[in-house]
Amino acid sequence: MAFKLNGNPLAVDVAFSHNDIQYPANWLRLSTAEEKTAIGITEVADAPTYDSRFYNGDGSAKALDDTKETIDGVEYTYFGVKSVLKAQEKVTAQSLLAQYDWYVVRKAEKSTAIPTAITTYRDGVRTACDTREKEIDACSDTAALVTLYSIKEDGTPNMTQYPEDPNS
């Protein structure tokens, strides 16, 4: 909740004055609703917040798919939510794979075998990334994407998960 006095916002934990009376910083927190009302303070609902991955600041859904626009003969591409999320998945997969890239380099340079657990993990990361991208593409609207990126009531994610690190 937010507070207003004479139409002006009041910040919680900040001292203020009204009618030549100084109120300490903790007054809004410690005072009762009746005490606030008595000097003209009103409670207003906080402005809604929206998940910026899917929504603009005003709550409207961002474009899911890429759009193109030509301005003065130059074509511009604006990436939609799906492209952005898939690019983030690629970065995540790259990061997970990078910590074990040295095995691949060692194999190329010295012909030393890559441990099976590492090969299985790396394959799992690539498969999970591909599956996650397909899950993103399968979403037909913003609500479906929000659901995909949310957590179920039992605490498990809706989206395919990356495999557990073999060294954890």
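This is a predicted model, so every value here is computed, not measured. (Residues numbered from 1 in each chain as written. Predicted model: local features only at pLDDT ≥ 70, side-chain atom pairs only at ≥ 80, totals over all residues. Heavy atoms only, no water.)

Q: Mind showing me how you'd approach the overall build of the protein here?
A: Scanning the protein from N- to C-terminus turns up 6 helices and 7 strands. Reading the helices (α) and strands (β) of the protein from amino to carboxyl end gives β-β-β-β-α-α-β-β-β-α-α-α-α. Taken over the C-alpha trace, the protein has a radius of gyration of 26 Å; the compact-globule value for 168 residues is 15 Å, which it surpasses by more than 25%. Projected onto its principal axes, the C-alpha coordinates of the protein cover approximately 80 × 50 × 30 Å. Here the protein, with 168 residues, has 24% of them falling under the buried criterion. Pairs at least 24 residues apart make up 48% of the contacts formed inside the protein by residues separated by at least 6 positions. (Helix = DSSP H or I, 4+ residues; strand = E, 2+ residues; numbered from the N terminus. Rg over C-alpha atoms; globule rule 2.2 N^0.38 Å. Buried < 20%, exposed > 50% of the residue type's maximum accessible area, 1.4 Å probe, protein only. Contact = heavy atoms within 4.5 Å.)

Q: Would you explain the packing of aromatic side chains in this entry?
A: Each pair of aromatic rings is reported with the distance of its centres and the angle of its planes. Enumeration according to the criterion identifies 8 aromatic pairs in this entry. For the pair Tyr100 and Tyr121, a centre-to-centre distance of 5.5 Å together with 75° between the ring planes defines the contact as edge-to-face. Taken together, the positions of Tyr100 in the loop between helix H3 (81–98) and helix H4 (101–110) and Tyr121 in helix H5 (residues 116–138) put the pair 21 residues apart, joining distant regions of the chain. Looking at Tyr100, the relative accessible area reads 4%, which means it is buried. Among the aromatic residues, ring-to-ring pairing joins Tyr100, Trp102, Tyr103 and Tyr121 into one connected group. (Phe/Tyr/Trp six-rings, centres within 6.5 Å; stacked < 30°, edge-to-face > 60°.)

Q: Looking at this structure, I do not really get the sheet that holds strand E5 (residues 41–44). What am I missing?
A: Hydrogen bonds between backbone groups are what pair the strands of a sheet, and the pairing can be parallel or antiparallel. Spatially, E2-E1-E5 is the arrangement adopted by the 3 strands of the open sheet, whose pairing is antiparallel. Looking along the sheet, the strands with just one partner apiece sit at the ends: strand E2 (8–10) and E5. On average, each strand axis in the sheet is tilted by 40° relative to the strand beside it, whichever way the strands run. Examined bridge by bridge, strand E1 (residues 2–5) and E2 share 3 bridges and lie antiparallel to one another. (Pairing = 2+ DSSP bridges. Axes fitted to C-alpha atoms, helices over the stretch in contact; angles between N-to-C directions.)

Q: It is not clear to me how a nonpolar patch on the surface should be interpreted in this structure. Could you clarify?
A: The grouping of Ile71, Val74, Tyr76 and Tyr78 at the surface amounts to a nonpolar patch, some 340 Å² of accessible area in total. Here the nonpolar patch gets 3 residues from one element, more than from any other, and that element is strand E7 (residues 74–78). Along the chain, Tyr78 falls in strand E7. (Patch = residues over 30% accessible without salt bridge, like charges linked within 9 Å, V, L, I, M, F, W, Y side chains within 5 Å. Areas by Shrake-Rupley, 256 points an atom, 1.4 Å probe, with all protein chains shown as cover. Salt bridge = Lys/Arg side-chain N within 4 Å of Asp/Glu carboxyl O.)

Q: Just to check I follow, could you spell out unusual backbone geometry for this structure?
A: Leave glycine aside and you will find that most residues have negative phi; peptide bonds, for their part, are mostly trans. Of note, Asp72 is a non-glycine position whose phi angle comes to about 50°, a positive value. Among the secondary structure elements, Asp72 is positioned in the loop between strand E6 (67–71) and E7. One non-glycine residue, Ser111, lies in positive phi territory at about 60°. Here Ser111 lies in the loop between H4 and H5.

Q: Could you clarify how one ought to interpret the pairing of E1 in this entry?
A: If a strand is regular, its side chains alternate between the two faces of the sheet. Of the two faces of E1, the one lined by Phe3 and Leu5 is fully buried and the one lined by Ala2 and Lys4 carries no buried residue. The hairpin formed by E1 and E2 contains 2 residues between the paired strands, and Asn6 there has a positive phi angle of roughly 55°.

Bear in mind that shape data such as this cannot, by itself, settle questions of function.
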